[in-house]
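This is what each chain is made of:
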Amino acid sequence: MSTLIDGKKISQDIKDELKEKVSGLNAKGTEVSLAVILVGEDPASQVYVRNKKKACEYIGIRSISHELPDSTSEEELLSLISDLNKDDSVDGILVQLPLPSHINEDTVIKAIAPEKDVDGFHPQNVGALSIGQKGYVSCTPAGIIQLLKRSNINMDGAHAVIIGRSNIVGKPMALLLLRENATVTITHSHTKDLKEITKQADILIVAIGKAKFVNDEYIKEGAVVIDVGMDRDENGKLCGDVDFDSVKDKCSAITPVPGGVGPMTIAMLMNNCVSAKGEI
Ligand code: GUN
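Keep in mind that this is a model prediction, so the values were computed, not measured.

Peer 1: Would you mind showing me how to read the site of the ligand here?
Peer 2: Around the ligand, the structure places Lys52, Val95, Gln96, Leu97, Asp119 and Phe121. Within the contact set of the ligand, a nitrogen atom lies 3.2 Å away from a side-chain nitrogen or oxygen of Gln96. Within the side chain of Asp119, a nitrogen or oxygen atom sits 2.6 Å from a nitrogen atom of the ligand. The protein chains hide 79% of the 280 Å² of surface that the ligand would expose on its own. A majority-of-atoms criterion places the ligand in the largest pocket. Of the residues in the shell around the ligand, the class split is three nonpolar, one polar and two charged.

Below is the structure:
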């Protein structure tokens, strides 16, 4: 059996470190605050938003909730964002995605002030990451780097293969791994001979959104496997993009689903909120 990378424990450690920092800030009279905007009633989004607010409460970050009806117009949402951008008592702004189809996500993301964009989705923050400048980094890939670092997994010189090229995970993941001196390959749905490439990976990051897609044929002996998936199997049970039972004895370390990458996303969002104060 390989090592289980315990995202629940590592995310708890990070949240405890942040709680201490925030309590130090509070003692100096400084508050950290996050505005959370949810439009509509998507059940998954409601759960994510609830968990984000719970994490804020745990750490001592003030969360300001804006739950808007599905009928909210793009103009109304942009006007709220504009008000929050100008409000000095708001450090971070998070608009939960997906948005209802009549609202253009790109327009909304661009409307958030880059210095309050704790999701790291604004083109300015994405651009900063790509040229190695300071800025907010998308939370899931940032969380994966923390999982690897805190599990003492060497990235320097390692061949990291990513399956998936999304703006939120695959692309920023590649840039962050490059920053750690990994040799990076990005694969996707049009990649030919996928298995031949993934079998070369020292670190395999799987973010394709297909339940149990990666089995032991896709990995080399001793690889580190990071599963970003959040899927349902044939029995409706929560599972990842990796067939855990098939690969667990072939890899050297693996993240479980649930309890792997998932909890890290919120921990890194909290980290971004605290760093909005310029204190970390
Ligand atoms: N929807 C799914 N993941 C995310 C995320 O990381 N941030 C936001 N704002 N919405 C999401």
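Past the structure itself, the notes keep going.
Peer 1: Could you clarify how one ought to interpret the layout of surface pockets in this entry?
Peer 2: Where empty space is left in the structure can be found by rolling a water-sized probe over the atoms. The computed volume of the largest pocket comes to approximately 1300 Å³. The wall of the largest pocket is formed by 42 residues, among which Tyr48, Thr140, Met230, Gly262 and Thr265 lie closest to the centre. When residues of the lining of the largest pocket are traced back to their parent elements, those giving at least two are helix 1 (7-27), helix 2 (43-59), helix 6 (139-150) and helix 10 (262-275). Classifying every residue of the lining of the largest pocket by side-chain character gives 22 nonpolar, 13 polar and seven charged. Approximately 590 Å³ is the volume found for the second largest pocket. Along the walls of the second largest pocket sit 19 residues, with Gly135, Val137, Asn271, Asn272 and Ser275 positioned nearest its centre. Every element with two or more residues in the lining of the second largest pocket is listed here: helix 6, helix 7 (170-179) and helix 10.

Peer 1: Just checking my understanding: could you explain helix 6 for this structure?
Peer 2: Residues separated by three or four positions in an α-helix point in the same direction, a consequence of the helix having 3.6 residues per turn. The terminal C-alpha atoms of helix 6 lie 16 Å apart, and with twelve residues this matches the ideal 16 Å at 1.5 Å per residue to within 8%. Within helix 6, ten of the twelve residues are buried, leaving the element largely enclosed by the surrounding structure. Burial in helix 6 covers these residues: Cys139, Thr140, Pro141, Ala142, Gly143, Ile144, Ile145, Gln146, Leu147 and Leu148. Buried residues belonging to helix 6 abut helix 1, helix 7, strand 7 (203-206), strand 8 (224-227) and helix 10. Positive backbone phi, at 55 degrees, marks Asn152, one or two positions downstream of helix 6.

Peer 1: Sorry, what's going on with unusual backbone geometry here?
Peer 2: It is generally the case that most residues other than glycine have a negative phi and that most peptide bonds are trans. Look at the link from Leu97 to Pro98: it is a cis peptide, with omega at 0 degrees. Take Pro98: it is sitting in the loop between strand 4 (92-95) and helix 4 (105-111). That bond from Val257 to Pro258 is cis: its omega, 0 degrees, falls within 30 degrees of zero. Secondary-structure assignment places Pro258 in the loop between strand 11 (253-254) and helix 10. The phi dihedral of Asn152 is positive, around 55 degrees, even though this residue is not glycine. Relative to the assigned elements, Asn152 resides in the loop between helix 6 and strand 5 (159-163). The phi dihedral of Asn181 falls on the positive side, at around 70 degrees, and the residue is not glycine. Its place among the elements puts Asn181 in the loop between helix 7 and strand 6 (183-187).

About the cut-offs
Counting from 1, residues in each chain are numbered in the order their sequence is written. The model is predicted, so local features are restricted to residues of pLDDT at least 70 and side-chain atom pairs to those at 80 or more, both for listing and for counting; the totals for chains, interfaces and linings are taken over all residues. The basis for the side-chain values is all heavy atoms of the structure; hydrogens and waters are excluded. Near is defined per residue: the residue qualifies when any heavy atom it owns lies within 4 Å of the molecule or strand. Polar contact is defined as a pair of N or O atoms within 3.5 Å, subject to the rule that within protein one atom must be able to donate a hydrogen and the other to accept it, and that residues adjacent in sequence are counted only when both atoms are side-chain atoms. Reported accessibility uses the Shrake-Rupley method at a 1.4 Å probe radius. Residues are deemed covered only where the shown protein chains occlude them. Points on a 1 Å grid over protein atoms alone make up a cavity when a 1.4 Å probe fits among them but cannot get out, and a pocket when they form an open set with protein on both sides within 12 Å along at least five of seven lines; lining residues each have an atom within 4 Å of a point. A cavity or pocket is said to hold a molecule if more than half of that molecule's atoms lie within 2 Å of its grid points. Under this grouping Gly is polar, as are all residues other than the nonpolar Ala, Val, Leu, Ile, Met, Phe, Trp, Tyr, Cys and Pro and the charged Asp, Glu, Lys and Arg. Grid points are joined across faces, edges and corners, and a volume is the space filled by probe spheres set on the points. What counts as a helix is a DSSP run of H or I of at least four residues, what counts as a strand is a run of E of at least two, and both are numbered from the N terminus. Every helix has an expected span of 1.5 Å times one less than the residues it contains. With a 1.4 Å probe rolled over the protein chains alone, any residue whose accessible area is under 20% of its type maximum counts as buried; one over 50% counts as exposed, and the rest are partly exposed. Only heavy atoms enter the contact rule, under which two residues are in contact if any of them lie within 4.5 Å.

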